[in-house]
Amino acid sequence: AGTIRFEDVRFAYDPDRPILQGLSFEVPAGKTVAIVGPSGAGKSTVSRLLYRFYDVTGGRITIDGQDLRAVTQRSLRESIGMVPQDTVLFNDTIRYNIRYGRWEATDAEVEEAARLARIDGFIRMAPKGYDTEVGERGLKLSGGEKQRVAIARTILKGPPILLLDEATSALDSHTEKEIQDALQQVSRNRTTLVIAHRLSTIVAADEIIVLDKGRIVERGTHAALLAEG
Ligand code: ADP
Ligand code: ADP
(Lines give C-alpha, C1' and ligand atoms only; values in the text may rest on other atoms or scores of the structure.)
(Ligands and ions follow the chains in the order given, each with its own letter.)
Protein backbone atom coordinates (compact mmCIF):
# COMPACT_ATOMS: atom_id res chain seq x y z
CA ALA A 1 0.00 0.00 0.00
CA GLY A 2 1.06 3.59 -0.51
CA THR A 3 1.22 4.30 -4.25
CA ILE A 4 0.91 8.03 -4.83
CA ARG A 5 -0.21 9.53 -8.14
CA PHE A 6 -0.40 13.17 -9.11
CA GLU A 7 -2.45 13.47 -12.29
CA ASP A 8 -2.22 16.84 -14.03
CA VAL A 9 -2.48 18.55 -10.65
CA ARG A 10 -3.18 22.25 -10.69
CA PHE A 11 -3.22 24.49 -7.69
CA ALA A 12 -3.35 28.19 -6.83
CA TYR A 13 -3.52 29.90 -3.44
CA ASP A 14 -4.87 32.98 -5.24
CA PRO A 15 -7.03 32.38 -8.35
CA ASP A 16 -4.98 34.79 -10.44
CA ARG A 17 -1.63 33.26 -9.51
CA PRO A 18 -1.21 29.60 -10.50
CA ILE A 19 1.40 27.75 -8.45
CA LEU A 20 1.25 24.19 -9.81
CA GLN A 21 0.44 24.06 -13.50
CA GLY A 22 -0.23 20.48 -14.43
CA LEU A 23 1.97 18.29 -12.26
CA SER A 24 2.05 14.55 -13.00
CA PHE A 25 4.15 11.89 -11.34
CA GLU A 26 3.82 8.55 -9.65
CA VAL A 27 5.60 7.12 -6.64
CA PRO A 28 5.14 3.36 -6.46
CA ALA A 29 4.48 1.93 -3.00
CA GLY A 30 7.66 1.51 -1.00
CA LYS A 31 9.76 3.76 -3.24
CA THR A 32 11.45 7.05 -2.41
CA VAL A 33 11.01 10.24 -4.38
CA ALA A 34 12.92 13.44 -3.71
CA ILE A 35 11.29 16.66 -4.85
CA VAL A 36 13.97 19.28 -5.19
CA GLY A 37 14.20 22.78 -6.58
CA PRO A 38 14.77 26.40 -5.61
CA SER A 39 12.81 28.19 -2.92
CA GLY A 40 9.32 29.00 -4.18
CA ALA A 41 9.30 26.12 -6.69
CA GLY A 42 6.24 24.55 -5.07
CA LYS A 43 7.78 21.72 -3.03
CA SER A 44 5.92 22.52 0.19
CA THR A 45 2.73 23.02 -1.78
CA VAL A 46 3.06 19.43 -3.04
CA SER A 47 3.37 18.23 0.60
CA ARG A 48 0.43 20.34 1.73
CA LEU A 49 -1.78 18.99 -1.06
CA LEU A 50 -0.80 15.44 -0.24
CA TYR A 51 -1.65 16.00 3.41
CA ARG A 52 -4.82 17.81 2.31
CA PHE A 53 -4.20 21.10 4.03
CA TYR A 54 -5.56 22.31 0.68
CA ASP A 55 -7.48 20.64 -2.13
CA VAL A 56 -6.27 20.63 -5.72
CA THR A 57 -7.92 23.15 -8.02
CA GLY A 58 -7.54 20.86 -11.04
CA GLY A 59 -6.52 17.30 -11.82
CA ARG A 60 -6.37 14.80 -9.00
CA ILE A 61 -4.18 13.08 -6.44
CA THR A 62 -4.73 9.42 -5.66
CA ILE A 63 -3.36 7.05 -3.06
CA ASP A 64 -3.66 3.41 -4.10
CA GLY A 65 -6.08 4.52 -6.80
CA GLN A 66 -8.40 6.35 -4.44
CA ASP A 67 -9.01 10.06 -4.96
CA LEU A 68 -7.76 12.00 -1.93
CA ARG A 69 -11.02 13.91 -1.79
CA ALA A 70 -12.80 10.62 -1.03
CA VAL A 71 -10.43 9.72 1.81
CA THR A 72 -11.46 10.83 5.29
CA GLN A 73 -9.08 13.17 7.13
CA ARG A 74 -8.76 10.55 9.83
CA SER A 75 -7.65 7.76 7.54
CA LEU A 76 -5.36 10.17 5.69
CA ARG A 77 -3.65 11.15 8.95
CA GLU A 78 -3.20 7.45 9.67
CA SER A 79 -1.65 6.64 6.32
CA ILE A 80 0.61 9.67 6.02
CA GLY A 81 3.25 10.62 8.54
CA MET A 82 4.43 14.19 8.12
CA VAL A 83 7.64 15.65 9.49
CA PRO A 84 7.44 19.40 8.92
CA GLN A 85 10.22 22.00 8.65
CA ASP A 86 9.75 23.22 12.18
CA THR A 87 8.74 20.92 14.96
CA VAL A 88 7.03 22.07 18.10
CA LEU A 89 7.53 19.54 20.87
CA PHE A 90 5.24 18.82 23.78
CA ASN A 91 6.60 20.05 27.05
CA ASP A 92 7.39 16.59 28.34
CA THR A 93 10.12 14.00 28.13
CA ILE A 94 11.81 13.08 24.89
CA ARG A 95 10.44 9.59 25.42
CA TYR A 96 6.90 10.98 25.66
CA ASN A 97 7.42 13.04 22.52
CA ILE A 98 8.61 10.02 20.56
CA ARG A 99 5.83 7.81 21.88
CA TYR A 100 3.14 10.39 21.18
CA GLY A 101 0.43 8.84 19.01
CA ARG A 102 1.59 5.29 19.60
CA TRP A 103 1.31 4.81 23.31
CA GLU A 104 1.28 1.03 23.01
CA ALA A 105 4.86 1.00 21.72
CA THR A 106 7.31 -0.89 23.89
CA ASP A 107 10.34 0.84 25.41
CA ALA A 108 12.52 -1.22 23.06
CA GLU A 109 10.60 0.12 20.04
CA VAL A 110 10.90 3.69 21.30
CA GLU A 111 14.63 3.22 21.79
CA GLU A 112 15.08 1.70 18.34
CA ALA A 113 13.29 4.70 16.75
CA ALA A 114 15.51 7.03 18.80
CA ARG A 115 18.59 5.15 17.65
CA LEU A 116 17.59 5.42 13.97
CA ALA A 117 16.97 9.16 14.40
CA ARG A 118 20.34 9.51 16.17
CA ILE A 119 18.93 10.79 19.45
CA ASP A 120 19.51 7.70 21.59
CA GLY A 121 22.25 9.71 23.30
CA PHE A 122 19.84 11.96 25.12
CA ILE A 123 16.61 9.98 25.30
CA ARG A 124 17.72 8.56 28.64
CA MET A 125 19.00 11.87 29.94
CA ALA A 126 15.59 13.45 29.82
CA PRO A 127 14.01 13.33 33.29
CA LYS A 128 10.25 13.15 33.79
CA GLY A 129 8.54 16.52 33.69
CA TYR A 130 11.52 17.74 31.76
CA ASP A 131 11.20 21.10 30.07
CA THR A 132 11.90 20.61 26.38
CA GLU A 133 13.55 24.01 26.02
CA VAL A 134 15.72 24.18 29.13
CA GLY A 135 15.71 20.97 31.12
CA GLU A 136 16.74 20.29 34.67
CA ARG A 137 20.10 19.33 33.31
CA GLY A 138 20.33 22.51 31.24
CA LEU A 139 19.94 20.50 28.07
CA LYS A 140 18.60 22.82 25.40
CA LEU A 141 17.48 21.19 22.19
CA SER A 142 18.69 22.69 18.96
CA GLY A 143 16.39 22.92 15.94
CA GLY A 144 18.10 19.86 14.50
CA GLU A 145 17.61 17.83 17.67
CA LYS A 146 13.91 18.71 17.75
CA GLN A 147 13.68 17.56 14.15
CA ARG A 148 15.25 14.27 15.10
CA VAL A 149 12.69 13.78 17.88
CA ALA A 150 9.93 14.36 15.31
CA ILE A 151 11.59 11.91 12.93
CA ALA A 152 11.84 9.29 15.67
CA ARG A 153 8.13 9.75 16.45
CA THR A 154 7.24 9.23 12.80
CA ILE A 155 9.50 6.18 12.50
CA LEU A 156 7.80 4.68 15.55
CA LYS A 157 4.34 5.25 14.08
CA GLY A 158 5.41 3.55 10.85
CA PRO A 159 2.79 4.90 8.43
CA PRO A 160 2.71 3.56 4.83
CA ILE A 161 3.62 7.03 3.53
CA LEU A 162 6.17 9.33 5.06
CA LEU A 163 6.43 12.97 4.09
CA LEU A 164 9.52 14.97 4.94
CA ASP A 165 9.27 18.64 4.08
CA GLU A 166 12.74 20.14 4.55
CA ALA A 167 12.73 18.00 7.66
CA THR A 168 16.46 17.39 7.65
CA SER A 169 17.61 20.83 6.45
CA ALA A 170 18.36 22.08 9.95
CA LEU A 171 20.87 19.28 10.48
CA ASP A 172 24.55 19.36 9.68
CA SER A 173 25.27 17.49 6.47
CA HIS A 174 26.81 14.48 8.20
CA THR A 175 23.79 13.92 10.50
CA GLU A 176 21.46 14.67 7.62
CA LYS A 177 23.03 11.92 5.54
CA GLU A 178 22.95 9.50 8.49
CA ILE A 179 19.26 10.13 9.05
CA GLN A 180 18.38 9.89 5.38
CA ASP A 181 20.18 6.56 5.24
CA ALA A 182 18.35 5.38 8.38
CA LEU A 183 15.01 6.43 6.88
CA GLN A 184 15.82 4.57 3.69
CA GLN A 185 16.59 1.51 5.76
CA VAL A 186 13.37 1.53 7.74
CA SER A 187 11.28 2.46 4.73
CA ARG A 188 12.81 0.12 2.18
CA ASN A 189 9.92 -1.46 0.24
CA ARG A 190 7.61 -0.83 3.16
CA THR A 191 7.13 2.89 3.28
CA THR A 192 6.65 5.34 0.44
CA LEU A 193 8.98 8.22 1.18
CA VAL A 194 8.43 11.72 -0.21
CA ILE A 195 11.27 14.09 0.57
CA ALA A 196 10.98 17.78 -0.30
CA HIS A 197 14.33 19.50 -0.14
CA ARG A 198 16.08 22.54 -1.54
CA LEU A 199 19.18 20.59 -2.50
CA SER A 200 19.53 17.39 -4.47
CA THR A 201 21.65 15.76 -1.79
CA ILE A 202 19.28 12.83 -1.48
CA VAL A 203 21.43 10.35 -3.36
CA ALA A 204 19.48 7.29 -2.32
CA ALA A 205 16.09 8.34 -3.75
CA ASP A 206 14.67 6.04 -6.44
CA GLU A 207 13.69 9.13 -8.39
CA ILE A 208 14.51 12.80 -8.15
CA ILE A 209 11.98 15.30 -9.47
CA VAL A 210 13.30 18.80 -10.05
CA LEU A 211 10.60 21.44 -9.73
CA ASP A 212 10.82 25.03 -10.84
CA LYS A 213 7.93 27.50 -10.82
CA GLY A 214 5.47 24.68 -10.27
CA ARG A 215 6.62 22.57 -13.19
CA ILE A 216 8.82 19.50 -13.51
CA VAL A 217 11.98 20.59 -15.29
CA GLU A 218 14.01 17.40 -14.79
CA ARG A 219 13.48 13.93 -13.44
CA GLY A 220 15.52 10.81 -13.09
CA THR A 221 17.92 9.00 -10.83
CA HIS A 222 20.62 10.99 -9.09
CA ALA A 223 23.24 9.41 -11.37
CA ALA A 224 21.31 10.24 -14.54
CA LEU A 225 20.81 13.86 -13.47
CA LEU A 226 24.51 14.20 -12.64
CA ALA A 227 25.49 12.73 -16.01
CA GLU A 228 23.35 15.32 -17.80
CA GLY A 229 24.95 18.06 -15.72
P1 ADP B 1 8.97 25.74 -1.94
O2 ADP B 1 8.53 24.78 -0.90
O3 ADP B 1 9.52 25.07 -3.17
O4 ADP B 1 9.87 26.80 -1.43
P5 ADP B 1 6.22 26.66 -1.81
O6 ADP B 1 5.38 25.51 -2.20
O7 ADP B 1 6.34 27.00 -0.39
O8 ADP B 1 7.67 26.50 -2.48
O9 ADP B 1 5.70 27.96 -2.55
C10 ADP B 1 5.40 28.00 -3.94
C11 ADP B 1 4.81 29.35 -4.28
O12 ADP B 1 3.57 29.49 -3.58
C13 ADP B 1 5.68 30.52 -3.85
O14 ADP B 1 5.61 31.49 -4.86
C15 ADP B 1 5.04 31.01 -2.59
O16 ADP B 1 5.23 32.39 -2.44
C17 ADP B 1 3.58 30.69 -2.81
N18 ADP B 1 2.88 30.39 -1.55
C19 ADP B 1 3.24 29.46 -0.64
N20 ADP B 1 2.36 29.43 0.38
C21 ADP B 1 1.41 30.35 0.11
C22 ADP B 1 0.24 30.80 0.78
N23 ADP B 1 -0.16 30.25 1.93
N24 ADP B 1 -0.48 31.79 0.20
C25 ADP B 1 -0.11 32.33 -0.96
N26 ADP B 1 0.99 31.96 -1.65
C27 ADP B 1 1.75 30.99 -1.12
P1 ADP C 1 9.39 5.39 33.07
O2 ADP C 1 9.55 3.96 32.63
O3 ADP C 1 10.57 6.27 32.81
O4 ADP C 1 8.84 5.56 34.43
P5 ADP C 1 7.04 5.35 31.42
O6 ADP C 1 7.46 4.16 30.61
O7 ADP C 1 5.93 5.22 32.37
O8 ADP C 1 8.28 6.06 32.12
O9 ADP C 1 6.67 6.52 30.39
C10 ADP C 1 7.63 7.07 29.55
C11 ADP C 1 7.04 8.34 28.98
O12 ADP C 1 5.94 8.04 28.13
C13 ADP C 1 6.56 9.28 30.04
O14 ADP C 1 6.94 10.59 29.72
C15 ADP C 1 5.06 9.16 30.00
O16 ADP C 1 4.48 10.41 30.28
C17 ADP C 1 4.78 8.74 28.59
N18 ADP C 1 3.63 7.81 28.50
C19 ADP C 1 3.68 6.48 28.65
N20 ADP C 1 2.48 5.93 28.51
C21 ADP C 1 1.63 6.96 28.27
C22 ADP C 1 0.22 7.04 28.03
N23 ADP C 1 -0.57 5.98 27.98
N24 ADP C 1 -0.28 8.26 27.82
C25 ADP C 1 0.48 9.35 27.86
N26 ADP C 1 1.81 9.31 28.07
C27 ADP C 1 2.37 8.16 28.26
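In this text the structure is predicted, and so the values were computed from the model without any measurement. (Residues numbered from 1 in each chain as written. Chains lettered and ligands numbered in written order. Predicted model: local features only at pLDDT ≥ 70, side-chain atom pairs only at ≥ 80, totals over all residues. Heavy atoms only, no water.)

1. A short note on the pairing of strand E9 (residues 207-212)
Buried residues dominate E9, accounting for five of its six residues. Two strands pair when backbone bridges link them, and strand E3 (residues 32-36) and E9 are joined in this way by four bridges, in the parallel orientation. When the sheet's bridge partners are listed, Ile-35 is paired in E9 with Ile-209. The pairing of E9 with strand E10 (residues 215-220) spans five bridges and is classified as antiparallel. From the neighbouring strand, Ile-208 faces E10, where its bridge partner is Gly-220. (Buried < 20%, exposed > 50% of the residue type's maximum accessible area, 1.4 Å probe, protein only. Helix = DSSP H or I, 4+ residues; strand = E, 2+ residues; numbered from the N terminus. Pairing = 2+ DSSP bridges.)

2. Looking at the sheet that holds strand E1 (residues 4-14)
The strand order across the open sheet built from four strands is E2-E1-E4-E5, with neighbouring strands paired in antiparallel fashion. Two strands lie at the open edges of the sheet, namely strand E2 (17-27) and strand E5 (66-67), each paired on one side alone. As paired strands, E1 and strand E4 (residues 58-63) are joined by five bridges and run antiparallel to one another. The partner of Glu-7 across the bridge, within E4, is Arg-60. Where helix H1 (residues 43-50) meets the sheet, it contacts E1, E2 and E4, and its direction lies at approximately 110° from that of E1. (Contact = heavy atoms within 4.5 Å. Axes fitted to C-alpha atoms, helices over the stretch in contact; angles between N-to-C directions.)

3. Digging into a nonpolar patch on the surface
Together, Tyr-13, Phe-53 and Tyr-54 line one region of the surface with nonpolar side chains, adding up to about 300 Å² of accessible area. Take Phe-53: its relative accessible area is 47%, and that puts it in the partly exposed class. (Patch = residues over 30% accessible without salt bridge, like charges linked within 9 Å, V, L, I, M, F, W, Y side chains within 5 Å. Areas by Shrake-Rupley, 256 points an atom, 1.4 Å probe, with all protein chains shown as cover. Salt bridge = Lys/Arg side-chain N within 4 Å of Asp/Glu carboxyl O.)

4. Comments concerning the sheet that holds strand E8 (residues 192-197)
An order of E6-E7-E8-E3-E9-E10 is seen for the six strands of this open sheet, with the pairing classed as mixed. Looking at which strands have only one partner, the edges of the open sheet turn out to be strand E6 (80-83) and E10. Along the sheet, successive strands turn relative to each other by an average axial angle of 15°, direction set aside. Here strand E7 (residues 161-165) pairs with E8 via five bridges, running parallel. Of the residues in E8, the one forming a bridge with Leu-162 is Leu-193. Contacts from helix H6 (residues 143-157) reach E6 and E7, with the element oriented near 175° to E6. Relative to E8, helix H7 (residues 173-187) is tilted by about 160°, and along the sheet it contacts E3, E7 and E8.

5. Some thoughts on the site of ligand 1
Taken together, 13 residues lie around ligand 1, and Arg-17, Gly-40, Lys-43, Ser-44 and Thr-45 are the ones closest in. Residue Thr-45 places a side-chain N or O atom 2.5 Å away from an oxygen atom belonging to ligand 1. Considering ligand 1 on its own, with 560 Å² of exposed area, one finds that the protein chains cover 68% of that surface. Counting residues per element, the ones that place at least two in the shell around ligand 1 are E2 and H1. At four residues, the largest contribution of residues to the shell around ligand 1 is made by H1. Partitioning the shell around ligand 1 into residue classes produces five nonpolar, five polar and three charged. (Near = heavy atom within 4 Å. Polar contact = N/O pair within 3.5 Å; in protein donor to acceptor, adjacent residues only side chain to side chain. Nonpolar A, V, L, I, M, F, W, Y, C, P; charged D, E, K, R; others polar.)

Just distances and angles here, no functional claims.
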